Amino acid sequence: MTTAITVRELTKSYGDLRAVDGVSFDVAEGEVLAILGPNGAGKTTTVEILEGHRSRDGGEVSVLGTDPDHGGPRFRNRIGVVLQAAGVDRELSTREALELYGAAYSSQRPIDELIELVELTDKADDRIVSLSGGQRRRVDLALGLIGNPELIFLDEPTTGFDPRARRRSWDVISNLTSLGSTIVLTTHYLDEAEYLADRVAVMAKGRIVADGTPNELRMSVESDTKIAFDLPRLDEPLVGLLEPLTGQGRGRGRRVEILTPAPTADLAHVTSWAMLRGIELEGLTVESADLEDVYLSLVGEHEDLEDTEVSTDTEVSTATEGVRADG
Amino acid sequence: MAERLGASRAALVVRHIRAQNRIFWRVPIGAFFALFLPVMMLVLFVALFGSDTYTTEYGEVSRAQFYTPALAVFAVASATFTNLAINLSIRRDEGILRRVRGTPLPPWIYLAGVIGSAVYMAVLGTVAVVTLGVVAYGVNIEAAKLPAMLVALVVGATAFATWGVALAALTRTAAAAPAVANAVILPMAFVSNVFVSFEGEAPAWLLLVGDTFPLRHFVISFGEAMSPFSQAPAFLPERLAVLVAWTVVGALVAWRRFRWEPAVGASPTRGRRRN
């Protein structure tokens, strides 16, 4: 199997912030890698360095045998880039934009076929300015594919979509994977990574904290058990609850979840803690951990995650210019 | 780079000029300022000030004879300087320039398309104003001075196109670009014989201000080539030299400061997010 991308000890800082902090991974030819993580994890920075959009501070990067820093037109002729936020001349129609940008590539995918692939056949001759947010994202995708790329970068291809539009985009991307393209995509949706990718690299705070197939990731905590319950009050003091546990606890509102390799002992501790304080643990469940639990425990403390989820929503609504329901 | 990728460079430049022309016509506001407004101003000014003549040091000329070259030059400045400053900063903020850098298209070809289209519109504006002046108001043009008209047009359009790019390079966001461009070009027009003629009666410092900036040199160079009193070939080399000097400075500014990436937080609706 040939390697399409090699990354070793990649670093990039913005001022004091170490956005990418020693990242290493490989992508094989024909493989679909999802870089999964919350906002601010360093996903986009990593991908933009691979695309040649951003310079790195340190480390080794080889993309299709080229250092993307010195790639030039010949390098960009072989890759397809779908940036997270890149405009297009909105007064042009999708077809006109594809003709215009396609002309610079040495080989082009047939435009009608491409328009059909991204399901914009009815809208191909409408000005892009009149398209919905989801449709424009598919124009982005088509523009990324026009040059028949060996390697495709998709930076959060479905962020801000409604569920139906996401499904449709997933189908389009799945089609690409079945054509044998190598794809690197970033996402903060676990289900997206699981649905589309052969391999998932989980990124948090500039580092890759796990790397494997969705199954391998699941296996890595297969033995873990999740103990979950609701506190009676949001401000219930947690003194004495979490410290003695073997497992890792996290809270979401009143809900507390404990991921543990030692469920018997931890459950005993939790119940005795509650009995001592005379509180009832509503909705108490004990079950085996799923992939989402793995992901949440990997990307770190739950408070952080809550913050990012909130900021994700606000960012999305502003970043994609009033994304409308796709239709 | 020796290896050819897609279409040839010349073909790509032409393709991009044509695409930008298409975009230009689809956004009525640009066409209004660059083409319609100068023509309308010529009609209005002649209607307001009548067809009476005024006296220059050489003799009597009609108002239309004064306004036609002045407004033709103003059309050039709008189509190049103002339009480029605004359009390029919008295209930067929207991430279009950024997208271009992710494709094998050499970025200068995209830039050449935008500039080429602006120059094309400048020529259209000039032709519209001069044609109206000649046909409707009997303004003088002579075949022997056409080369001087053309040279003044090319040299002036180049200077103002260069400074349009330079201004886009100097403005951080597209929101600021129209205000800055107009704040530069309108006061300059008032001291540059575009709207009012002043030679003898204006205060010296105003003449000095006018002579410092390129617009007055452009207006006078072009006007000289249309003046009934000038001798063919009617070139004004010193004034053209000032325009060339401004072009060189503008090119340096553009070269050093032009950015392809949107400024961080430039446009909350379409800007880039860093992840």
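Bear in mind that the values here come from a model prediction, so they are computed numbers and not experimental data. (Residues numbered from 1 in each chain as written. Chains lettered and ligands numbered in written order. Predicted model: local features only at pLDDT ≥ 70, side-chain atom pairs only at ≥ 80, totals over all residues. Heavy atoms only, no water.)

(A) A look at the overall build of chain B. The helix and strand inventory of chain B stands at 10 helices and 2 strands. Taken from N to C terminus, the helices and strands of chain B fall in the order α-α-β-β-α-α-α-α-α-α-α-α. C-alpha atoms of chain B, sized along the principal axes, occupy 65 × 35 × 35 Å. Counting only residues that meet the buried cut, chain B has 55% of its 275 residues in that class. Pairs at least 24 apart in sequence give 79% of the contacts found in chain B among residues at least 6 apart. Accessible surface for chain B amounts to roughly 11,900 Å². Of this, 69% is attributable to carbon and sulfur atoms. Of the charged side chains in chain B, 23 are positive and 13 negative; the average position of the first set lies 22 Å away from that of the second. (Helix = DSSP H or I, 4+ residues; strand = E, 2+ residues; numbered from the N terminus. Buried < 20%, exposed > 50% of the residue type's maximum accessible area, 1.4 Å probe, protein only. Contact = heavy atoms within 4.5 Å. Areas by Shrake-Rupley, 256 points an atom, 1.4 Å probe, with all protein chains shown as cover. Lys, Arg positive; Asp, Glu negative; His and termini not counted. Charge placed at Lys NZ, Arg CZ, Asp CG, Glu CD.)

(B) Highlighting the nonpolar core. Counting 129 residues, the largest nonpolar core has B:Leu71, B:Leu215, B:Phe222 and B:Phe258 as its most contacted members. Setting aside its immediate chain neighbours within four residues, B:Leu215 contacts B:Val73, B:Ala77, B:Phe160, B:Ile185, B:Met188, B:Ala189, B:Ser192 and B:Val194. Judged by nonpolar contacts, the second largest core, of 27 residues, contains A:Val20, A:Val47, A:Ala86 and A:Met203. (Core = buried A, V, L, I, M, F, W, Y, C linked by side-chain atoms within 4.5 Å.)

(C) Geometry of empty space enclosed by the protein. For the structure shown, the criterion picks out 4 cavities of 30 Å³ or more. Looking at the second largest cavity, its volume works out to about 120 Å³. Lining the second largest cavity we find 13 residues, and of these A:Val81, A:Leu143, A:Gly144, B:Arg99 and B:Thr103 sit closest to its centre. Secondary structure elements with two or more residues in the lining of the second largest cavity: β5 (79-82) and α5 (133-145) of chain A. For the lining of the second largest cavity, the element with the most residues is α5(A), which contributes 3 residues. Looking at the lining of the second largest cavity residue by residue, the classes come out as 7 nonpolar, 4 polar and 2 charged. (1 Å grid on protein atoms, 1.4 Å probe; cavity = no way out; pocket = protein on both sides within 12 Å on 5 of 7 lines; lining within 4 Å. Points joined across faces, edges and corners; volume = space filled by probe spheres on them. Nonpolar A, V, L, I, M, F, W, Y, C, P; charged D, E, K, R; others polar.)

(D) The arrangement of the side chain of A:His53 in detail. Considering the arrangement of structural elements, one finds A:His53 in the loop between α1 (43-51) and β4 (58-63). The class of A:His53 is buried, set by a relative accessible area of 9%.

(E) Region of the structure containing the packing of helix α9 (residues 214-226) of chain B against helix α10 (residues 237-257) of chain B. Residues and elements named next belong to chain B. Put simply, α9 and α10 touch, their axes get as near as 9 Å, and they point 140 degrees apart. With respect to their mutual orientation, α9 and α10 come out oblique. Regarding α9 and α10, the two cross each other, and that crossing is left-handed. For the pair α9 and α10, the contacting residues are Pro214, His217, Phe218, Ile220 and Ser221 in the first and Arg239, Leu240, Val242, Leu243 and Trp246 in the second. Residues belonging to the contact of α9 with α10 are distributed by class as follows: 7 nonpolar, 2 polar and 1 charged. (Axes fitted to C-alpha atoms, helices over the stretch in contact; angles between N-to-C directions. Parallel < 35°, antiparallel > 145°, perpendicular 65-115°, else oblique. Left-handed = near helix turned anticlockwise from the far one by under 90°.)

(F) Quick peek at the sheet that holds strand β10 (residues 225-230) of chain A. All names here are of chain A. Pairing within the open sheet is antiparallel, and its 4 strands lie in the order β11-β12-β10-β13. Every other strand in the sheet has two partners, leaving β11 (248-252) and β13 (282-288) as the edge strands with one partner each. Pairs of neighbouring strands in the sheet enclose a mean axial angle of 15 degrees, with direction left out of account. Here β11 pairs with strand β12 (residues 255-260) via 5 bridges, running antiparallel. Bridged to Gln248 within β12 is Leu259. Along the sheet, helix α9 (residues 263-277) makes contact with β10, β12 and β13, crossing β10 at roughly 15 degrees. Each of β10, β11 and β12 is contacted by helix α10 (residues 291-299), which is oriented at about 100 degrees to β11, the strand it contacts most. (Pairing = 2+ DSSP bridges.)

(G) Quick peek at a nonpolar patch on the surface. Residue and element names in this part refer to chain B. Among the surface-exposed residues, Ile29, Phe32, Phe33 and Phe36 lie close enough to one another that they form a single nonpolar patch of about 390 Å² accessible area. Take Phe36: it is sitting in helix α2 (residues 28-49). On the basis of relative accessibility, which here comes to 46%, the residue Phe36 falls in the partly exposed class. (Patch = residues over 30% accessible without salt bridge, like charges linked within 9 Å, V, L, I, M, F, W, Y side chains within 5 Å. Salt bridge = Lys/Arg side-chain N within 4 Å of Asp/Glu carboxyl O.)

(H) Inspection of the environment of A:Leu145 at higher detail. Residue and element names in this part refer to chain A. Relative to the helices and strands, Leu145 resides in helix α5. Its relative accessible area of 0% is what places Leu145 among the buried residues. Sequence separation between Leu145 and Glu156 is 11 residues, and the spatial gap between their C-alpha atoms is 16 Å. Discounting chain neighbours no more than four positions away, the residues touching Leu145 are Arg109, Leu114, Leu117, Ile152 and Leu176.

(I) Layout of unusual backbone geometry. All names here are of chain A. One non-glycine residue, Glu119, lies in the positive phi region at around 55 degrees. Tracing the chain through its elements places Glu119 in the loop between α4 (111-117) and α5. Of the residues examined, Glu119 reaches a relative accessible area of 35% and is grouped as partly exposed. A positive phi angle is found at Lys205, which is not glycine, with a value near 50 degrees. Positionally, Lys205 belongs in the loop between β8 (199-204) and β9 (207-212). When its relative accessible area of 52% is taken as the criterion, Lys205 is described as exposed.

(J) Geometry of the packing of aromatic side chains. A full pass over the atoms with the stated rule returns 13 aromatic pairs over all chains. Seen in terms of ring centroids, B:Phe66 and B:Tyr67 are 4.9 Å apart; in terms of plane orientation they differ by 70 degrees. Their pairing is edge-to-face. The class for B:Phe66 is buried, based on a relative accessible area of 13%. Among the aromatic residues, those joined into a cluster by ring pairs are B:Phe45, B:Phe66, B:Tyr67, B:Phe74, B:Phe190 and B:Phe195. A cation over an aromatic ring shows up here: A:Arg166 above the ring of A:Tyr189, its NZ or CZ 3.9 Å from the ring centre. (Phe/Tyr/Trp six-rings, centres within 6.5 Å; stacked < 30°, edge-to-face > 60°. Lys NZ or Arg CZ within 6 Å of the ring centre and 35° of its normal.)

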